[in-house]
Amino acid sequence: KIVRLCLNDYCQSILISETLGIAKPDRRIFDKALTELNATADSTLMIGDSLESDYQGALNAGIDFCWINAKKTELSHDLKPLFIIQHITELEALLLT
């Protein structure tokens, strides 16, 4: 998937849960990513489409979250991502504001 989508050209680091033996929402995979990128949780934004693994993992690691809600799913009132977008193409404008 990474090669097919040419993601390796755009990423400093790629972590694969099967290789690491750690999967989202376990905060250890987020901690590993932060370490590899020399980043801190408070300066990072996790972008994902899954509330169960992406959002929960970001919460577990203390990282802000942007939810890609392509299906326009109703959000429970107790869940509060920092940003909600419907398509990844909205991300650039969001981050430039």
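Structure report, in brief.

Definitions and cut-offs
- Residues numbered from 1 in each chain as written.
- Predicted model: local features only at pLDDT ≥ 70, side-chain atom pairs only at ≥ 80, totals over all residues.
- Heavy atoms only, no water.
- Buried < 20%, exposed > 50% of the residue type's maximum accessible area, 1.4 Å probe, protein only.
- Helix = DSSP H or I, 4+ residues; strand = E, 2+ residues; numbered from the N terminus.
- Pairing = 2+ DSSP bridges.
- Right-handed = clockwise from strand over helix to strand, strands pointing away.
- Patch = residues over 30% accessible without salt bridge, like charges linked within 9 Å, V, L, I, M, F, W, Y side chains within 5 Å.
- Areas by Shrake-Rupley, 256 points an atom, 1.4 Å probe, with all protein chains shown as cover.
- Salt bridge = Lys/Arg side-chain N within 4 Å of Asp/Glu carboxyl O.

Focus: the pairing of strand E1 (residues 45-48)
Working step 1: The side-chain alternation of E1 yields one buried face, formed by Met-46 and Gly-48, and one unburied face, formed by Leu-45 and Ile-47.
Working step 2: Pairing of E1 with strand E2 (residues 64-68), which is carried by four bridges, proceeds in the parallel orientation. Counterpart to Ile-47 in the pairing with E2 is Cys-66.
Working step 3: Read from E1 through helix H3 (residues 51-61) to E2, the crossover connection turns out right-handed.

Quick word on a nonpolar patch on the surface
Working step 1: A contiguous nonpolar patch, built from Leu-5, Leu-7, Ile-14 and Ile-16 and spanning about 300 Å² of accessible area, is present on the exposed surface.
Working step 2: With respect to the helices, strands and loops of the structure, Leu-5 is situated in the segment before helix H1 (17-20).
Working step 3: Overall, the relative accessible area of 45% leaves Leu-5 in the partly exposed class.

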